[in-house]
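Below are the chains, spelled out letter by letter.
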Amino acid sequence: MNIVVCVKQVPDTSDPDTEVHIDGTGRGVDQSKFSFVINDADNYAVEEAILLKEKHGGEVTVVNIGPEAANQVIRMALAKGGDAAIRLDDEKFAFSDVLATARLLQSAVKDGGFDLIMAGCLASDDGYGAVGVTLAQLLGLPHAAMVKTVEVIDDKKLKVGRELEGGLLEMNEIEMPCVLTIQTGGNEPRYASFKGIREASKKEIKVMDLGATGLAEDQVGEAGSCAIMAQYSVPEVGELAEILEGDPGTTSARLAEILKEKGLV
Amino acid sequence: MEFDLNEEQTMFRQMVREFADKEIAPYAEELDGTGEFPYEIQAKMADLGLYGLPIPEEYGGAGADFVTYSIAVEEIGRVSASLSISMAAHTSLGSMPIYLFGTEEQKQRWLVDLAQGRKLGAFGLTEPEAGSDAGATRTTARLAAGEWVINGTKCFITNSGTDITSHVTITAVTGEHGGGKEISNILIPAGTPGFDVAPSYRKMGWHNSDTHELSFTDCRVPEGHLLGERGGGFKAFLKILDCGRIGVAALSVGLAQGCLDESVSYAKSRIQFGQPIGRNQGISFKCADMLVEVELARLATLKAAWLADQGRPYTREAAIAKLFASEAAMRAANSAVQIHGGYGYIEDYPVCRYFRDAKILEIGEGTSEVQRIVLSRMLGL
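Residues numbered from 1 in each chain as written. Chains lettered and ligands numbered in written order. Predicted model: local features only at pLDDT ≥ 70, side-chain atom pairs only at ≥ 80, totals over all residues. Heavy atoms only, no water.

Remarks on helix α7 (residues 248-261) of chain A
All names here are of chain A. Taking 1.5 Å of rise per residue, the 14 residues of α7 would be expected to cover 20 Å, and the 20 Å separating its terminal C-alpha atoms lies within 8% of that figure. You can read the cap of α7 off the contacts: a side-chain oxygen lies 2.9 Å from the backbone nitrogen of glycine 249, and it is on aspartate 247. Residue glycine 263 follows α7 closely and has a positive phi angle near 70°. (Helix = DSSP H or I, 4+ residues; strand = E, 2+ residues; numbered from the N terminus. Expected span 1.5 Å × (residues − 1). Polar contact = N/O pair within 3.5 Å; in protein donor to acceptor, adjacent residues only side chain to side chain.)

What follows is the structure in structure tokens.
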């Protein structure tokens, strides 16, 4: 089974020191103090892909859109068991929306003869949650979103479990080739071993620029997007919100008072 | 000059840090309270190759360089000194002697399991009456009918009593040579009759590292368990200790970094007199000083490791790194507790444990005083 797994590099928001500030353009955030990691859901997608490969054979190809600095998340996926990698990198790709992003991914995977394409269901930075399913649409393939479990029925069919509200698991059969967007929590992402890291440094990361994608300039970036990001803003503190200030002793006492006043406890 | 880690080392640091933060840090305090050896975490670390980093792949190791090894010891040491010393002692004292001085047969028999972390190894040098003064070693090994018969006591021996300890290599007097004691290294398998492991010490810190007093009473092992040349024990363990000093230096860097991280985080969030305490120079300068010392300690440690990787002498640099880093760690732990005030004195905050774990760094693998002796002799004094 030949699998593609799409990975995105995102700011590490688990780091408590990560402060988000809008930059001068109003259309970006100051990234100078961020540390970057693989998007959480993508990490689970990588693990699922490697588990499937270990069980059923085949190869895992890691695909990313990003600058050279994104090599660190690509190499880590290779170190965990990925076999090959493609990185789409061109300054013209900047400000790509969901559609333009999916188009870029399509250009990288369409001729690969892959059985299964996986991506995380949601990126932790822009939070669209739509790239995977848009990619399926462009490729004309069936898809399942928010997938938590993947089982192979035979070489044509998969059984996938989608977690719904209340923890209900919806089981579906889906024909390959197909696209799955993977949720967090369905597996336990491994750590790369030293041996894996050493082997990853020998694996090639194929870089595709605009020319290599075969796409026209007006199909990518802002020109190729149907949604244009206008600007970021910090939400204003509303009338119904009360921010408690002071040390934990004071704020917790005040919080207890409010809960009591409102009859919530 | 090149101060950057290479891509492999950078990725490795990232991986070990993530592992330490997710798989060790959340359990470190509870584990410390139990005083038990953390077999589950040890096994996970072994799976990542952490228990055989500088051992070549042909003997089951990772074939990594000493810089990579130092990174691992530091990153684990940042969250748990116990697990870090267990790994470092296993590598430099348990495994390296066999790799450096063992016969091919001994390497195949012992080293492969050690390098893969399925077994742990220990080294017994210190005795109740002989630590740094190795010439005062009293443990004897007498050759009789093709067997070494060992009698004596060793103390403070790390990894010597776990369920997966495979052996302890000891130094023993095997005769006289040129009017002095002939000291040799002998490999004693765990469970050999006459080899007794005392219950764990009640230590100030390093609660999850396994440390025992060992006694040998007419303990017999085959003649072939001699490790290295007969009479070569003194030279051998000096070499082993050099490597061990890089490990303790790296652990010290990790512990000091942990103190710095905790202090900065606390200084930002603790409000007194209407502002974070970190706004007071009395606190912020302590943090700045810690930062300077962590950086210098790390540079000294990585330089010693780098020299070892180049196959060049590194006794001097290992002593410098061990001396400076361990004392810097003690100072950092002291500052970290002070910055935390009363909260630093209770076990709810990790700096309390870091403080208890720091002191031994100035003692193990040669005390600060011994490092100063080594260095002053190098100055011709």
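Structure shown, so let's carry the discussion forward.
Examining empty space enclosed by the protein
Residues and elements named next belong to chain B. Applying the stated criterion across every chain, the model contains one cavity of 30 Å³ or more. Roughly 40 Å³ of internal volume is contained in the largest cavity. Forming the boundary of the largest cavity are Ala28, Leu31, Asp32, Ser80, Ala81, Ser82, Asn208, Arg353 and Asp357. Counting residues per element, the ones that place at least two in the lining of the largest cavity are α1 (7-34), α4 (81-101) and α9 (350-358). The element contributing the most residues to the lining of the largest cavity is α1, with three residues. Among the residues forming the lining of the largest cavity, the class breakdown is three nonpolar, three polar and three charged. (1 Å grid on protein atoms, 1.4 Å probe; cavity = no way out; pocket = protein on both sides within 12 Å on 5 of 7 lines; lining within 4 Å. Points joined across faces, edges and corners; volume = space filled by probe spheres on them. Nonpolar A, V, L, I, M, F, W, Y, C, P; charged D, E, K, R; others polar.)

Considerations on helix α3 (residues 98-109) of chain A
Residue and element names in this part refer to chain A. Helix length check: α3, at 12 residues, gives a terminal C-alpha distance of 16 Å against a target of 16 Å (1.5 Å per residue), a fit within 8%. Of all 12 residues making up α3, 11 are buried, and the element is well covered by its neighbours. Here α3 has its buried residues at Val98, Ala100, Thr101, Ala102, Arg103, Leu104, Leu105, Gln106, Ser107, Ala108 and Val109. (Buried < 20%, exposed > 50% of the residue type's maximum accessible area, 1.4 Å probe, protein only.)

Some thoughts on the domain arrangement of chain B
Residues and elements named next belong to chain B. Here the domain parsing of chain B yields domain 1 (7-120), domain 2 (121-231) and domain 3 (235-378). Averaged C-alpha coordinates put domain 1 and domain 3 at centres separated by 20 Å. Opposite the 23 residues of domain 1 that make contact, domain 3 presents 30 residues. Across the interface of domain 1 and domain 3, roughly 2200 Å² is buried in total on both sides, 66% from carbon and sulfur atoms. Looking only at domain 1, the three residues that lose the most surface to domain 3 are Phe66, Glu74 and Arg78, adding up to 25% of its buried area. Inspection of the domain 1/domain 3 interface yields three salt bridges. The partner of aspartate 261 in a salt bridge is arginine 78, with the nearest N and O atoms 3.9 Å apart. Taken together, domain 1 and domain 3 are joined by six residue pairs in polar contact (both at pLDDT 80 or more). Mapped onto the side of domain 1 that touches domain 3, the elements with two or more residues apiece are α1, α3 (66-77) and α4. Top contributing element to the side of domain 1 that touches domain 3 by residue count: α4, with eight residues. Tallied by class, residues from the side of domain 1 that touches domain 3 come to 12 nonpolar, five polar and six charged. (Domains from an automatic or database assignment. Contact = heavy atoms within 4.5 Å. Buried area = accessible area lost by both parts, 1.4 Å probe. Salt bridge = Lys/Arg side-chain N within 4 Å of Asp/Glu carboxyl O.)

What about the environment of glycine 35 of chain B?
Within the fold, glycine 35 of chain B resides in the loop between α1 and α2 (39-47). Separated by 199 residues in sequence, glycine 35 of chain B and phenylalanine 234 of chain B have C-alpha atoms that sit 33 Å apart.

Digging into the pattern of salt bridges
All names here are of chain B. The full count for this structure, using the stated rule, is 37 salt bridges over all chains. Among the ionic pairs, glutamate 75 bridges to arginine 78, the shortest N-O distance being 3.0 Å. Among the residues examined, glutamate 75 registers a relative accessible area of 0% and is labelled buried. Each of Arg13, Arg17, Asp21, Glu74, Glu75, Arg78, Asp261, Glu295 and Arg298 takes part in salt bridges that share partners, so that together they form one network.

Section: the packing of helix α8 (residues 315-340) of chain B against α9 of chain B
Residue and element names in this part refer to chain B. At a minimum axis separation of 9 Å, α8 and α9 run at an interaxial angle of 150°. The angle between α8 and α9 falls in the class roughly antiparallel. Pair α8 / α9 crosses with left-handed handedness. Each of Ala329, Met330, Ala333, Asn334, Ala336, Val337 and His340 in α8 lies in contact with α9, whose residues at this interface are Val351, Tyr354, Phe355 and Ala358. Within the contact of α8 with α9, the residues separate by chemical class into nine nonpolar, two polar and no charged. (Axes fitted to C-alpha atoms, helices over the stretch in contact; angles between N-to-C directions. Parallel < 35°, antiparallel > 145°, perpendicular 65-115°, else oblique. Left-handed = near helix turned anticlockwise from the far one by under 90°.)

A word on the environment of serine 80 of chain B
All names here are of chain B. Take serine 80: it is sitting in the loop between α3 and α4. Under the relative-accessibility criterion, serine 80 is labelled buried at 5%. As for serine 80 and arginine 372, which are separated by 292 residues in sequence, their C-alpha atoms are 27 Å apart. Every residue in contact with serine 80, bar those within four places of it in the chain, is listed here: Ile24 and Arg353.

Here's the deal with the interface of chain A and chain B
By a widespread convention, an interface's size corresponds to the accessible area lost as its parts come together. Across the contact, 12 residues belong to chain A and 19 residues belong to chain B. Counting the surface lost from both chain A and chain B, the interface buries some 1600 Å², and carbon and sulfur atoms represent 59% of this. Across the contact surface, chain A and chain B share two salt bridges. Across the pair glutamate 7 of chain B and arginine 75 of chain A runs a salt bridge whose closest N-O atoms are separated by 3.1 Å.

Focus on the pairing of strand β8 (residues 157-163) of chain A
Residue and element names in this part refer to chain A. Pairing analysis gives five bridges linking strand β7 (residues 143-152) to β8, with the strands arranged antiparallel. If you follow threonine 149 over to β8, its bridge partner there is glycine 161. Taking the residues that link successive antiparallel strands as the turn, the β7-β8 hairpin has four residues. Judged from the seven bridges that link them, β8 and strand β9 (residues 169-175) form a sheet pairing that is antiparallel. Bridge pairing in β9 places lysine 157 opposite glutamate 175. Remark: five residues form the turn of the hairpin made by β8 and β9, two consecutive strands paired antiparallel; glycine 166 in that turn has positive phi of roughly 75°. (Pairing = 2+ DSSP bridges.)

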